[in-house]
Amino acid sequence: MSALAPRPIYLDNNATTAVAPEVFEAMVPFLTEHFGNPSSAYDLAKHSRDAVTKARGQIAALLHCDPREIVFTSCGTESDNAALWSALRSTGKKHIVTTQVEHSAIHHFCETLEHQGYAVTWLPVRADGTLDPAAVEEAIHDDTALVSVMWANNETGVLFPVREIADICRRKKVLFHTDAVQVPGKVPIDLRAVGADFLALSGHKLHAPKGIGVLYVRSGVKFVPFLVGGSQERERRAGTENVPYIVGLGRAAELAAEHLIDEQTTTRARRDRLENEILRLVPGAHRNGHPTERLPNTVSLWFDGIEAEAILLKLNALGICASSGSACTTGSLAPSHVLTAMGLTPAQARSSIRLSLSRFTTDAEIDRALAVFPAAIAELRAALPAALQPAR
Ligand code: PLP
């Protein structure tokens, strides 16, 4: 980007977020003078050790749990994999219950487990993307090690009833993991109320850097580590601690708590304006997912007759970063497993885009996006044969 090019309008915060200035500032001393290994005995290392302890407390405060229940990992994917691995190894059981709409960090790991002889129940979702907790209860049997259900969907923002599901799991004496990577700073997380055994977070979704994650492990739950080596993280995750990133994530957690109300009011109002105006101004536009049971920052829409790829290229040319609800596989645009599980046809799923805001998204950016979006879709539509034009 040249120095004179306008800053792109970044509407892809569910993919990753910008590092907050306060987070960067907190990290710098641990990339420069305070470089000691927290496991070393001298004073230089004490700075690092104390900083990790402080960050653990900041994250525990966001989640309302005990700092000793926090395990630092390298990313959300590692946290998700480690929770499933531990549940299977600690119980010796062979069955997992999950949903058809999980992120690939759970979805692909469960497929790998199936190839290794484990059994997985893939629960369907309703047309609005919500999940019936009764289906979870029915799927649990004597050989079930774990239920793994995401808290919020990364593509649609739809929220699952994790509190109810946690209660079911506790009653049925089955471990419960929730992938909460999309949740912090957008919806309150209170682990005193939601009795999860494991919970995964990822730094880069809450304005900390990429490459740092958290696994919450409820105290008293038997844990079998995924990475084995040194005795870091009370023998739950080997490997020298990534001190600067842990410090950044701690500060980001503090900021997420401070901005929670803002995100639920200001960001939600901006999201609603963006979504409602697109639905009003663009013929043949449809929302994916439940209107209210969802994150306050996410919009998922599909457009009659237009491929998401064409929309995203057009938006990119207009300086707007968005993404499709689909994953690119070997050059062909595969329809999203989330949207097809909600009953969209492959063509509808392939015409879906996701716009996701953050607290750094401004009203002026929403205005600019709305000023160009309807015309961009109209231009793409104009190139379609008359039979494919949506009715106004
Ligand atoms: N789970 C969800 C719901 C996500 O959205 C993501 C990232 O997109 C992940 C897990 C994986 O997190 P990470 O990129 O830190 O591995």
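Residues numbered from 1 in each chain as written. Predicted model: local features only at pLDDT ≥ 70, side-chain atom pairs only at ≥ 80, totals over all residues. Heavy atoms only, no water.

1. Some words on the packing of helix H10 (residues 308-317) against helix H13 (residues 363-382)
(1) Moving on: As a packed pair, H10 and H13 sit with axes 10 Å apart at the nearest point and diverge in direction by 130°. Judged by the inter-axis angle, H10 sits oblique to H13. Regarding H10 and H13, the two cross each other, and that crossing is right-handed. Along the contact surface, H10 presents Ala310, Ile311, Lys314 and Leu315, while H13 presents Phe373, Ala376, Ile377, Glu379 and Leu380.
(2) Moving on: A class-by-class count of the residues in the contact of H10 with H13 yields seven nonpolar, no polar and two charged. (Axes fitted to C-alpha atoms, helices over the stretch in contact; angles between N-to-C directions. Helix = DSSP H or I, 4+ residues; strand = E, 2+ residues; numbered from the N terminus. Parallel < 35°, antiparallel > 145°, perpendicular 65-115°, else oblique. Left-handed = near helix turned anticlockwise from the far one by under 90°. Contact = heavy atoms within 4.5 Å. Nonpolar A, V, L, I, M, F, W, Y, C, P; charged D, E, K, R; others polar.)

2. A short note on the sheet that holds strand S9 (residues 285-287)
(1) Moving on: Pairing is antiparallel across the open sheet formed by four strands, whose spatial order is S9-S10-S15-S12. At either margin of the open sheet sits one strand with a lone partner, and together these are S9 and strand S12 (323-324).
(2) Moving on: Bridge count between S9 and strand S10 (residues 298-303): three bridges; the pairing is antiparallel. Considered in S10, the bridge of Ala285 is made with Phe303.
(3) Moving on: Helix H9 (residues 260-281) contacts S9, S10 and strand S15 (352-356) of the sheet and is inclined by roughly 10° relative to S10. (Pairing = 2+ DSSP bridges.)

3. Considerations on the pairing of strand S2 (residues 70-73)
The two faces of the sheet receive side chains in turn, since in a regular strand these alternate between them.
(1) Moving on: Alternating residues of S2 divide into Ile70 and Phe72 and Val71 and Thr73, and every residue in both groups is buried.
(2) Moving on: In this structure, S2 lies alongside strand S8 (residues 213-217), joined through four bridges in antiparallel fashion. Bridging across to S8, Val71 finds its partner in Leu215. (Buried < 20%, exposed > 50% of the residue type's maximum accessible area, 1.4 Å probe, protein only.)

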